[in-house]
Amino acid sequence: MTSRYAKRLQKELLDLKTNPPPCISIAEGDNLDKWVIAVDGTEGSIYQGEHFKLQFKFSSGYPLDSPEVIFIGTPPIHPHIYSNGHICLSILYDNWSPALTVSSVCLSILSMLSSCTEKTRPVDDSKYVSRVLNKSPKEVRWMFHDDTV
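What you are looking at is a predicted structure, and each value in this text was computed from that prediction instead of being measured. (Residues numbered from 1 in each chain as written. Predicted model: local features only at pLDDT ≥ 70, side-chain atom pairs only at ≥ 80, totals over all residues. Heavy atoms only, no water.)

1. Focus: the environment of lysine 138
Item 1. By the element assignment, lysine 138 lies in the segment after helix 3 (125-132).
Item 2. C-alpha separation for the pair lysine 138 and tyrosine 82, spaced 56 residues apart in sequence, amounts to 14 Å.
Item 3. Those residues in contact with lysine 138 that sit more than four places away from it in its chain are Asp65, Ser66, Pro67, Glu68 and Tyr93.
Item 4. A polar contact of 2.4 Å, which involves the side chain of lysine 138, links it to the backbone oxygen of serine 66. (Helix = DSSP H or I, 4+ residues; strand = E, 2+ residues; numbered from the N terminus. Contact = heavy atoms within 4.5 Å. Polar contact = N/O pair within 3.5 Å; in protein donor to acceptor, adjacent residues only side chain to side chain.)

2. Overview of the pairing of strand 2 (residues 34-40)
Regular strands show a simple pattern: their side chains alternate between the two faces of the sheet.
Item 1. With five of seven residues buried, strand 2 lies mostly within the body of the structure.
Item 2. Sheet topology note: the strand 1 (residues 24-31)/strand 2 ladder contains five bridges and is antiparallel. Considered in strand 2, the bridge of serine 25 is made with alanine 38.
Item 3. Relative to strand 3 (residues 51-57), strand 2 runs antiparallel, the two sharing seven bridges. Each bridged residue has a counterpart across the sheet, and for isoleucine 37 the counterpart in strand 3 is leucine 54. (Buried < 20%, exposed > 50% of the residue type's maximum accessible area, 1.4 Å probe, protein only. Pairing = 2+ DSSP bridges.)

3. Considerations on the side chain of threonine 42
Item 1. If you trace the backbone, threonine 42 turns up in the loop between strand 2 and strand 3.
Item 2. Using a relative accessible area of 15% as the deciding quantity, one classes threonine 42 as buried.
Item 3. In this structure threonine 42 touches Cys23, Gln48, Leu110 and Ser114, once residues within four positions along its chain are discounted.

4. Considering the nonpolar core
Item 1. Of all hydrophobic cores here, the largest spans 31 residues; its most connected members are Trp35, Ile37, Leu54, Phe56, Ile87 and Val102.
Item 2. Elements with a minimum of two residues in this core: helix 1 (3-18), strand 2, strand 3, strand 4 (68-72) and helix 2 (102-114).
Item 3. Element by element, the count of residues in this core is highest for helix 2, at seven residues.
Item 4. Apart from the residues lying within four places of it in its own chain, the contact partners of isoleucine 37 are Leu16, Ile24, Ser25, Ile26, Ala27, Phe52, Lys53, Leu54, Phe56, Val102 and Cys106.
Item 5. Formed by five residues, the second largest nonpolar core is a distinct cluster that contains Tyr82, Cys88, Tyr128 and Val132. (Core = buried A, V, L, I, M, F, W, Y, C linked by side-chain atoms within 4.5 Å.)

5. Topic: the side chain of histidine 86
Item 1. Within the element layout of this structure, histidine 86 appears in the loop between strand 4 and helix 2.
Item 2. Polar side-chain contacts of histidine 86 include one of 2.5 Å to the side chain of tyrosine 128.
Item 3. Of note is the side chain of histidine 86, whose polar atom sits 3.4 Å from the backbone oxygen of lysine 135.

6. Description of the pattern of salt bridges
Item 1. The full count for this structure, using the stated rule, is two salt bridges.
Item 2. Ionic pairing is found between glutamate 12 and arginine 8, a salt bridge with its closest N-O pair at 2.5 Å. Of the two residues, glutamate 12 and arginine 8 are both situated in helix 1; the distance of four residues between them amounts to about one turn of the helix.
Item 3. Among the ionic pairs, glutamate 50 bridges to lysine 119, the shortest N-O distance being 2.3 Å. Of the two residues, glutamate 50 sits in the loop between strand 2 and strand 3 while lysine 119 sits in the loop between helix 2 and helix 3, which places them 69 residues apart along the sequence.
Item 4. Taking relative accessible area as the criterion, glutamate 50 reaches 25% and is therefore assigned partly exposed.
Item 5. Owing to a relative accessible area of 39%, lysine 119 belongs among the partly exposed residues under this scheme. (Salt bridge = Lys/Arg side-chain N within 4 Å of Asp/Glu carboxyl O.)

What follows is the structure, given as C-alpha coordinates:
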(Lines give C-alpha, C1' and ligand atoms only; values in the text may rest on other atoms or scores of the structure.)
Protein backbone atom coordinates (compact mmCIF):
# COMPACT_ATOMS: atom_id res chain seq x y z
CA MET A 1 0.00 0.00 0.00
CA THR A 2 1.46 3.34 -0.95
CA SER A 3 2.13 5.85 1.76
CA ARG A 4 -0.54 8.23 0.43
CA TYR A 5 -3.25 5.60 0.82
CA ALA A 6 -1.85 4.43 4.14
CA LYS A 7 -2.07 8.00 5.42
CA ARG A 8 -5.68 8.27 4.28
CA LEU A 9 -6.57 4.99 6.01
CA GLN A 10 -4.73 5.96 9.19
CA LYS A 11 -6.62 9.27 9.26
CA GLU A 12 -9.98 7.52 8.72
CA LEU A 13 -9.18 4.91 11.39
CA LEU A 14 -8.22 7.57 13.91
CA ASP A 15 -11.41 9.49 13.13
CA LEU A 16 -13.54 6.37 13.61
CA LYS A 17 -11.84 5.61 16.91
CA THR A 18 -12.10 9.14 18.30
CA ASN A 19 -15.35 10.34 16.74
CA PRO A 20 -17.45 7.33 15.67
CA PRO A 21 -20.92 7.81 14.21
CA PRO A 22 -23.77 6.58 16.42
CA CYS A 23 -24.12 2.76 16.46
CA ILE A 24 -20.72 2.29 14.74
CA SER A 25 -17.41 1.24 16.33
CA ILE A 26 -14.10 -0.32 15.35
CA ALA A 27 -13.97 -4.00 16.32
CA GLU A 28 -10.63 -4.72 14.58
CA GLY A 29 -8.36 -2.17 12.99
CA ASP A 30 -4.81 -3.35 13.63
CA ASN A 31 -4.23 -4.20 9.97
CA LEU A 32 -4.69 -1.31 7.53
CA ASP A 33 -5.69 -3.74 4.76
CA LYS A 34 -8.70 -5.18 6.61
CA TRP A 35 -10.99 -3.71 9.27
CA VAL A 36 -13.98 -5.08 11.13
CA ILE A 37 -16.63 -2.55 12.07
CA ALA A 38 -19.32 -3.27 14.68
CA VAL A 39 -22.77 -2.04 13.73
CA ASP A 40 -25.63 -1.87 16.24
CA GLY A 41 -29.25 -1.68 15.13
CA THR A 42 -30.63 1.79 15.73
CA GLU A 43 -33.24 2.51 18.35
CA GLY A 44 -36.74 2.32 16.92
CA SER A 45 -35.70 0.24 13.91
CA ILE A 46 -36.58 -3.40 13.32
CA TYR A 47 -32.90 -4.16 14.06
CA GLN A 48 -32.90 -2.46 17.48
CA GLY A 49 -30.83 -4.51 19.93
CA GLU A 50 -29.15 -6.53 17.16
CA HIS A 51 -25.40 -6.44 16.52
CA PHE A 52 -23.63 -7.04 13.22
CA LYS A 53 -20.10 -6.91 11.85
CA LEU A 54 -18.92 -5.40 8.59
CA GLN A 55 -15.60 -6.34 7.06
CA PHE A 56 -13.78 -3.74 4.96
CA LYS A 57 -10.90 -4.88 2.73
CA PHE A 58 -8.79 -2.20 1.10
CA SER A 59 -6.69 -2.57 -2.04
CA SER A 60 -3.62 -0.50 -2.82
CA GLY A 61 -5.88 1.56 -5.07
CA TYR A 62 -7.96 2.95 -2.19
CA PRO A 63 -9.53 5.54 -2.18
CA LEU A 64 -9.71 5.57 -5.98
CA ASP A 65 -10.99 1.97 -5.80
CA SER A 66 -13.83 1.12 -3.46
CA PRO A 67 -13.18 -1.19 -0.53
CA GLU A 68 -14.75 -4.64 -0.49
CA VAL A 69 -17.49 -4.44 2.14
CA ILE A 70 -19.42 -7.47 3.42
CA PHE A 71 -21.22 -8.54 6.55
CA ILE A 72 -19.39 -11.30 8.41
CA GLY A 73 -20.92 -13.69 10.89
CA THR A 74 -24.70 -13.66 10.64
CA PRO A 75 -25.78 -10.86 8.30
CA PRO A 76 -28.99 -8.91 8.88
CA ILE A 77 -32.08 -10.20 7.12
CA HIS A 78 -32.75 -7.37 4.68
CA PRO A 79 -34.01 -7.17 1.08
CA HIS A 80 -30.60 -5.83 -0.09
CA ILE A 81 -28.32 -8.07 1.98
CA TYR A 82 -27.62 -11.60 0.81
CA SER A 83 -27.23 -14.51 3.21
CA ASN A 84 -23.50 -14.69 2.33
CA GLY A 85 -23.04 -11.11 3.59
CA HIS A 86 -22.90 -9.37 0.20
CA ILE A 87 -24.60 -5.97 0.14
CA CYS A 88 -26.49 -4.57 -2.83
CA LEU A 89 -25.66 -0.88 -2.44
CA SER A 90 -24.56 1.16 -5.44
CA ILE A 91 -21.95 3.28 -3.59
CA LEU A 92 -19.96 0.09 -2.97
CA TYR A 93 -19.62 -0.52 -6.70
CA ASP A 94 -20.73 1.66 -9.65
CA ASN A 95 -21.35 4.84 -7.66
CA TRP A 96 -18.18 4.77 -5.57
CA SER A 97 -16.41 8.10 -5.16
CA PRO A 98 -13.00 8.73 -3.56
CA ALA A 99 -14.77 11.41 -1.51
CA LEU A 100 -16.57 8.62 0.38
CA THR A 101 -15.04 7.35 3.61
CA VAL A 102 -15.45 4.26 5.74
CA SER A 103 -17.58 6.33 8.08
CA SER A 104 -19.88 7.54 5.30
CA VAL A 105 -20.23 3.99 3.94
CA CYS A 106 -21.14 2.74 7.41
CA LEU A 107 -23.72 5.51 7.77
CA SER A 108 -25.24 4.58 4.39
CA ILE A 109 -25.52 0.95 5.43
CA LEU A 110 -26.95 1.94 8.82
CA SER A 111 -29.48 4.18 7.07
CA MET A 112 -30.43 1.32 4.76
CA LEU A 113 -31.02 -0.89 7.80
CA SER A 114 -32.88 1.81 9.75
CA SER A 115 -35.34 2.53 6.95
CA CYS A 116 -36.25 -1.13 6.40
CA THR A 117 -39.74 -2.15 7.54
CA GLU A 118 -39.67 -5.89 6.85
CA LYS A 119 -37.01 -8.54 7.42
CA THR A 120 -36.76 -10.50 4.18
CA ARG A 121 -33.88 -11.75 2.07
CA PRO A 122 -33.48 -10.66 -1.56
CA VAL A 123 -35.85 -12.62 -3.80
CA ASP A 124 -32.90 -14.17 -5.65
CA ASP A 125 -30.84 -14.96 -2.52
CA SER A 126 -30.43 -18.72 -3.04
CA LYS A 127 -29.67 -18.37 -6.73
CA TYR A 128 -27.20 -15.53 -6.18
CA VAL A 129 -25.34 -17.22 -3.31
CA SER A 130 -24.97 -20.50 -5.21
CA ARG A 131 -23.78 -18.62 -8.33
CA VAL A 132 -21.12 -16.43 -6.72
CA LEU A 133 -19.77 -19.03 -4.27
CA ASN A 134 -16.63 -17.48 -2.73
CA LYS A 135 -16.26 -14.56 -5.13
CA SER A 136 -15.76 -11.05 -3.86
CA PRO A 137 -18.88 -8.91 -4.35
CA LYS A 138 -16.64 -6.59 -6.38
CA GLU A 139 -16.29 -9.39 -8.97
CA VAL A 140 -20.05 -9.60 -9.46
CA ARG A 141 -22.07 -7.56 -11.93
CA TRP A 142 -24.72 -5.71 -9.93
CA MET A 143 -28.03 -4.35 -11.20
CA PHE A 144 -29.52 -1.63 -9.02
CA HIS A 145 -33.24 -1.34 -9.52
CA ASP A 146 -34.88 -0.94 -6.12
CA ASP A 147 -34.18 2.09 -3.97
CA THR A 148 -37.37 1.84 -1.92
CA VAL A 149 -35.82 -0.13 0.95
